[in-house]
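# Observations on the model geometry
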Amino acid sequence: MVELQAAARIIGSVRTATPGPETVVPEPGQKELFSDRELFGVAAGRYMKKNRNQVLSDIDELSRGCRWDDLLSLYHPVDEKVPDLVSGKMDGPVRLKVAFALGQAGRFDEALKELKTCVAAEPDHFMACASLAYTAYNSLWAAKNKQVFLAGKARAERISLAHEYFQKAQKLRPDTVTNFYREGMLFSQIENKPKPGLSCFDKACSNWEGLTDREREERHQEKKNYIKSLYRSASLSLALGNGKKAMDRITGCLKIDEQTNHINLGFKYFALGKVHFALDRFDEARNALMFALQSSGKGRPTDFIHELLARTYLALGQVDKALETIGHVPEKIRRPYYRWTEADVLCTAGRFDQARQILTRVVEKDSRSRHVGLIRLTKIEYRLDHFDAAAAHAARACDFFSTTFGNPFLEGLFWQSLCTFKAGDTRKADQLLTELESCAAYHYPKIDRLRAMVRH
């Protein structure tokens, strides 16, 4: 009996330990979902890669539909949403794509945080460096367009960050086009530094032109930024006084972009007209500007084209045409620069009172370039022999410029000295002339004649 009871206990214990149909018994060396082989062998890496590829495929699908909010709700923050990839150090590509989505959503600080994690893990990763630079640069454009707030020290640090990583990306791939183009835009459009901007645009151009046909085909997506670099190089070359180079660049841009029109046709022909105008080729400038007007699509601004065309007609001596052209833009949307040319046209037509009224209104409202309008008022009063009034306008222009920009205003000093002399105060005119000379302005236009008038 005792033996039967013992046997029953053994059988019962075996039955209790026997798994049911839904119970999985771990094999030796297996913990929960993974065996040792899966955790520590070749299969572990394969599982992580497969998982990452699925995530990236999902992100790509959401990106194609510009579903940035959906993408971020699923995969941001990366550390929380895909911790297995983070622990396996396979999160880099995911972070890059999440950072891009954050940038598209205007969440630049979060995007930069993700990208800094990427470059900390892989300092020589080209895409990580280039993406960090681009995101910093893009945030500065957003600030310029008043979409986000970025000023003072924070803005300066963001500019420095963009330059640092543009240059790291350029060192990693010195034949790049896009990164030189973007740094050129950073210099010229964000910092208003034309010389280093021109250097970057020229480098972007030479890099593309140095590629073989096969390399250009492989990197076709960079051609657009080559064309933009030609256009920007033309503009900055002209601004820096090199009209011949500007003409070479803009004609090259027109030829290469003829089929694609990555840059609006109206903009390109306006640039061509601007170069012709600077080279005193006024007939060619007029023709280019007329074509620019015809090529500008409906709804696009054309005030800048009308303004330059009016100045071109003035240069051709066609005052009636200039008056007609300047009247094409509605008065309520005429910006200060447009009003300056409008006043010049009216003065050329002998309508000084009307020009004075326009410039007086402009000067009252213009808080950035008031000195330009004041000098035009100076010239009107000088032309009408109102020398005291002319000298007063020139003095206001000097005060505004030095207060706003922290530098002496050479044109204002010249006109103030001239008009003060004409008003009969030779001593003060001489003092102003001396101040002008102290600013290394010995070669200022007509300063020799002014010197002769005041001192002899």
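Residues numbered from 1 in each chain as written. Predicted model: local features only at pLDDT ≥ 70, side-chain atom pairs only at ≥ 80, totals over all residues. Heavy atoms only, no water.

Backbone geometry follows two general trends: most residues other than glycine have a negative phi, and most peptide bonds adopt the trans configuration. The phi torsion at N192 lies on the positive side, around 55°, for a residue other than glycine. For N192, the location among the structural elements is in the loop between helix 11 (178-190) and helix 12 (194-209). The phi torsion at K446 lies on the positive side, around 65°, for a residue other than glycine. Tracing the backbone through its elements, the reader meets K446 in the loop between helix 25 (426-438) and helix 26 (447-455). The exposed category is assigned to K446, whose relative accessible area is 57%. (Helix = DSSP H or I, 4+ residues; strand = E, 2+ residues; numbered from the N terminus. Buried < 20%, exposed > 50% of the residue type's maximum accessible area, 1.4 Å probe, protein only.)

The next subject is the nonpolar core. By size, the foremost hydrophobic cluster in this structure holds 70 residues, and its most contacted members are L71, V94, V98 and I250. Formed by 33 residues, the second largest nonpolar core is a distinct cluster that contains C398, F414, L432 and L450. (Core = buried A, V, L, I, M, F, W, Y, C linked by side-chain atoms within 4.5 Å.)

This part covers the environment of C205. With respect to the helices, strands and loops of the structure, C205 is situated in helix 12. A relative accessible area of 0% means that C205 is categorised as buried. As for C205 and K228, which are separated by 23 residues in sequence, their C-alpha atoms are 9.3 Å apart. Look past the residues within four positions of C205 in its chain and what remains in contact with it is Y226, S229, L230 and R249. (Contact = heavy atoms within 4.5 Å.)

This part is about the pattern of salt bridges. If you walk through the whole model with that rule in mind, you get 30 salt bridges. Here E222 makes a salt bridge to R219, at a shortest N to O gap of 2.8 Å. Of the two residues, E222 and R219, both sit in the buried class. When the shortest N-O distance is used, the salt bridge between E342 and R339 registers 2.7 Å. Of this pair, E342 and R339 both sit in helix 20 (residues 336-348), separated by three residues, roughly a single helical turn. Each member of the pair, E342 together with R339, is buried. Each of E331, R334, R339, E342 and R361 takes part in salt bridges that share partners, so that together they form one network. (Salt bridge = Lys/Arg side-chain N within 4 Å of Asp/Glu carboxyl O.)

This part takes up the environment of L323. Counting through the fold element by element, L323 comes out in helix 19 (residues 319-326). By relative accessible area, which is 23% here, L323 ends up partly exposed. Taking the C-alpha atoms as reference points, L323 and T348, separated by 25 residues in sequence, lie 9.8 Å from one another. Dropping the residues within four chain positions of it, L323 is found in contact with V345, L346, A349 and R351.

The next thing to look at is the packing of aromatic side chains. Counted according to the given criterion, the structure contains 17 aromatic pairs. On the basis of an interplanar angle of 20° and a centroid distance of 5.8 Å, the ring pair of W208 and Y226 is categorised as stacked. Highlighted residues: W208 in helix 12 and Y226 in helix 14 (residues 223-239), separated in sequence by 18 residues. With a centroid separation of 5.8 Å and 65° between ring planes, the pair formed by Y382 and F387 is classed as edge-to-face. Looking at Y382, the relative accessible area reads 26%, which means it is partly exposed. Here the aromatic cluster, defined as three or more aromatic residues joined through ring pairs, consists of Y382, F387, F414, W415 and Y444. Its end group placed over the ring of F180, K203 keeps NZ or CZ at 6.0 Å from the ring centre. Positioned above the aromatic ring of F267, the side-chain terminus of R300 is 6.0 Å from the ring centre. (Phe/Tyr/Trp six-rings, centres within 6.5 Å; stacked < 30°, edge-to-face > 60°. Lys NZ or Arg CZ within 6 Å of the ring centre and 35° of its normal.)

Between its first and last C-alpha, helix 23 (residues 387-405) extends 27 Å over 19 residues, near the 27 Å set by a 1.5 Å rise per residue. Looking at the buried side of helix 23, the elements it contacts are helix 22 (370-383) and helix 24 (410-422). Once helix 23 finishes, G406 follows within two positions and takes phi at roughly 75°, a positive value. (Expected span 1.5 Å × (residues − 1).)

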